[in-house]
Amino acid sequence: QVQLMESGGGLVQAGGSLRLSCAASGRTFSVYAMAWFRQAPGKEREFVARIRWSGGSTYYADSVMGRFTISRDNAKNTVYLQMNSLKPEDTAVYYCAATTGQRYEWRYWGQGTQVTVSS
């Protein structure tokens, strides 16, 4: 089992920045990749970004490319999401996820952290 705990959400004005953190615990040696997803009110959960635990290769949704950066600190078993140039449409609950397989089937999820961007 892998447990995930997000932190760092909050209220920010449009154009501002926030950094989210996701701390992993448990069988972290089995983690292949981690990702961030988000879910806005009345919408489906959507992919934001992912990072491979080994090597650190990344992949982003088009909607956040160039504004968000995903990174990881292997020693701390923590993944970060640096969010810059935030827009009101970035308002959502942000979830951290982890997979232990190469098919990016996200088996483990955090409880989510709210990000609200005011205009």
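The structure displayed is predicted, hence computed values, not measured ones.

Caption draft 1: Expanded view of the overall build of the protein. When you go through the protein residue by residue, the secondary structure sums to 0 helices and 11 strands. Shown N-terminal to C-terminal, the secondary structure of the protein runs as helices and strands in the order β-β-β-β-β-β-β-β-β-β-β. Structurally, the protein occupies a C-alpha span of about 40 × 25 × 25 Å along its principal axes. Across the 119 residues that make up the protein, the buried fraction comes to 45%. Expressed as a percentage of contacts within the protein between residues at least 6 apart in sequence, the contacts between residues at least 24 apart total 53%. For the protein, the separation between the mean place of its 13 positive charges and that of its 8 negative charges on side chains is 7 Å.

Caption draft 2: Molecular detail of the environment of Ala98. In this fold, Ala98 is placed in strand S9 (residues 92-99). When its relative accessible area of 0% is taken as the criterion, Ala98 is described as buried. The sequence separation of Ala98 and Ser30 amounts to 68 residues, and the corresponding C-alpha distance is 9.8 Å. Excluding residues within four positions of it along the chain, Ala98 makes contact with Leu4, Val31, Ala33, Met34, Glu105, Trp106, Arg107 and Tyr108.

Caption draft 3: The arrangement of the state of the cysteines in detail. Applying the stated criterion across every chain, the model contains 1 disulfide. The disulfide that involves Cys22 links it to Cys96, with 2.0 Å between the sulfurs. Residues Cys22 and Cys96 share a disulfide whose torsion about the S-S bond is about -80 degrees; that sign makes it left-handed. One end of the pair, Cys22, is in strand S3 (residues 18-26); the other, Cys96, is in strand S9, with 74 residues separating them in the sequence. Each member of the pair, Cys22 as well as Cys96, is classed as buried.

Caption draft 4: Layout of the sheet that holds strand S8 (residues 78-83). Taking strand neighbours across the sheet as the criterion, the 4 strands line up as S1-S3-S8-S7 in an open arrangement whose pairing is antiparallel. Of all strands in the sheet, those with a lone pairing partner are strand S1 (2-7) and strand S7 (68-73), marking the two edges. Taken pair by pair, the neighbouring strands of this sheet meet at an average axis angle of 20 degrees, ignoring direction. Relative to S8, S3 runs antiparallel, the two being bridged by 6 bridges. Following the sheet pairing, Ala23 is matched in S8 by Thr78.

Caption draft 5: Molecular detail of the packing of aromatic side chains. Summed over the entire model, instances satisfying the criterion amount to 6 aromatic pairs. Measuring from ring centre to ring centre gives 5.7 Å for Phe37 and Phe47, while their planes differ by 80 degrees; the resulting arrangement is edge-to-face. Here Phe37, found in strand S4 (residues 33-39), pairs with Phe47, found in strand S5 (residues 46-52); they are 10 residues apart in sequence, far enough to count as distant. Overall, the relative accessible area of 10% leaves Phe37 in the buried class. Accessibility expressed as a relative area gives 22% for Phe47, which makes it partly exposed. An aromatic cluster of three or more residues is present, and its members are Tyr32, Phe37, Phe47, Tyr59, Tyr104, Trp106 and Trp109. Across the ring face of Tyr95, the terminal group of Arg45 is positioned such that the distance to the ring centre comes to 4.0 Å. If you follow Arg45 out to its NZ or CZ, it ends over the ring of Trp109, 4.5 Å from the centre.

The rules behind each value
Residues numbered from 1 in each chain as written. Predicted model: local features only at pLDDT ≥ 70, side-chain atom pairs only at ≥ 80, totals over all residues. Heavy atoms only, no water. Helix = DSSP H or I, 4+ residues; strand = E, 2+ residues; numbered from the N terminus. Buried < 20%, exposed > 50% of the residue type's maximum accessible area, 1.4 Å probe, protein only. Contact = heavy atoms within 4.5 Å. Lys, Arg positive; Asp, Glu negative; His and termini not counted. Charge placed at Lys NZ, Arg CZ, Asp CG, Glu CD. Disulfide = S-S within 2.5 Å. Pairing = 2+ DSSP bridges. Axes fitted to C-alpha atoms, helices over the stretch in contact; angles between N-to-C directions. Phe/Tyr/Trp six-rings, centres within 6.5 Å; stacked < 30°, edge-to-face > 60°. Lys NZ or Arg CZ within 6 Å of the ring centre and 35° of its normal.

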